[in-house]
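If you want the building blocks of each chain, they are given just below.
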Amino acid sequence: MTIAVTQDLSPTLVLNADFRPLSYYPLSLWSWQDAIKAVFLDRVTILAEYERAVRSPTYSMRLPSVVCLKTYVKPARHPAFTRFNVFLRDRFQCQYCGSPHELTFDHVVPRSKGGLTTWENVVAACSPCNLKKGGLMPKVAGMIPQQKPFQPTVHDLHNNGRLFPPNYLHESWLDYLYWDSELDPE
Ligand SMILES: [Zn+2]
């Protein structure tokens, strides 16, 4: 699993006005250009900076590594229905055999039988299980998902997300993320 962020891009972690990330999945990151724009528009406060600076003939500014919004934005209660989030809900494991390899999706009720592409009908499945089940109903195939698929809350994904931290985290972000710390009771 990779998150498309490299240190060269000097991304800025964006926190809500309560000092929590604006979103976890995906992690709320802006380009440093967008972050600096927001600083000049007085929309954010800089909490931490990179060593790297941008310079003009009259001005020098270190790139922000963490900013927080001045105005609180109400977070979405339910995470987006995305490939990554379905895998995260299912802990990157095939829901039929438990394999973490060759993951793809399976419609529990097959599309050919009217199954929808929704949280409640899509599970992570390895390619071999997906092929084996094909267009069969779960009982006919003898393949029942280990966990009944459901629409997760942000909290559900936080809990699973602790097991799968992103592969790039700048040290200045760690105070604001939960991967290295205890989860706050919610
Ligand atoms: Zn499998």
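Refer to the structure presented above.
Residues numbered from 1 in each chain as written. Predicted model: local features only at pLDDT ≥ 70, side-chain atom pairs only at ≥ 80, totals over all residues.

1. Brief notes about the environment of Arg62
Okay, step 1: Along the chain, Arg62 turns up in strand 4 (residues 59–69).
Okay, step 2: In sequence terms Arg62 and Ile36 are 26 residues apart; their C-alpha atoms lie 9.6 Å from each other.
Okay, step 3: Not counting the four nearest positions on each side in its chain, Arg62 is found in contact with Glu49, Tyr50, Arg52 and Ala53. (Helix = DSSP H or I, 4+ residues; strand = E, 2+ residues; numbered from the N terminus. Contact = placed C-beta atoms within 7 Å.)

2. Observations regarding unusual backbone geometry
Okay, step 1: Phi angles above zero are rare outside glycine, and Phe92 is one such case at about 55°.
Okay, step 2: The residue Phe92 is located in the loop between helix 2 (83–89) and strand 5 (103–107) in this model.
Okay, step 3: Of note, the phi angle at Glu102 is positive, near 50°, even though the residue is not glycine.
Okay, step 4: As for its position among the elements, Glu102 is in the loop between helix 2 and strand 5.

3. Side note on the sheet that holds strand 2 (residues 29–30)
Okay, step 1: Strands sit in the order 2-1-4-3 across an open sheet of four strands; the sheet is mixed. Every other strand in the sheet has two partners, leaving strand 2 and strand 3 (44–56) as the edge strands with one partner each.
Okay, step 2: As defined by bridge partners, strand 1 (residues 12–15) adjoins strand 4 across three bridges and the pair is classed as parallel. In the sheet register, Leu13 faces strand 4, and the bridge partner there is Val66.
Okay, step 3: Relative to strand 4, helix 1 (residues 32–40) is tilted by about 90°, and along the sheet it contacts strand 1, strand 2, strand 3 and strand 4. (Pairing = 2+ DSSP bridges. Axes fitted to C-alpha atoms, helices over the stretch in contact; angles between N-to-C directions.)

4. Considerations on the nonpolar core
Okay, step 1: Ranked by size, the top nonpolar core spans twelve residues in total: Leu13, Val14, Leu15, Leu27, Leu29, Ala35, Ala38, Val44, Val66, Val67, Cys68 and Trp173.
Okay, step 2: Those elements that place two or more of their residues in this core are strand 1, helix 1 and strand 4.
Okay, step 3: In terms of nonpolar packing, the next biggest core, distinct from the first, is built from ten residues, Cys94, Tyr96, Ala124 and Cys126 among them. (Core = buried A, V, L, I, M, F, W, Y, C linked by C-beta atoms within 7 Å. Buried ≥ 20, exposed ≤ 12 C-beta atoms within 10 Å, placed from the backbone.)

5. Brief notes about the environment of Ser65
Okay, step 1: With respect to the secondary-structure elements, Ser65 resides in strand 4.
Okay, step 2: For Ser65, a count of 22 C-beta atoms within 10 Å puts it in the buried group.
Okay, step 3: On a C-alpha basis, the gap between Ser65 and Leu29 in space is 9.5 Å, while along the polypeptide they are 36 residues apart.
Okay, step 4: The residues contacting Ser65, other than those within four sequence positions of it, are Thr12, Leu13, Ala48, Glu49, Tyr50, His170, Ser172 and Trp173.

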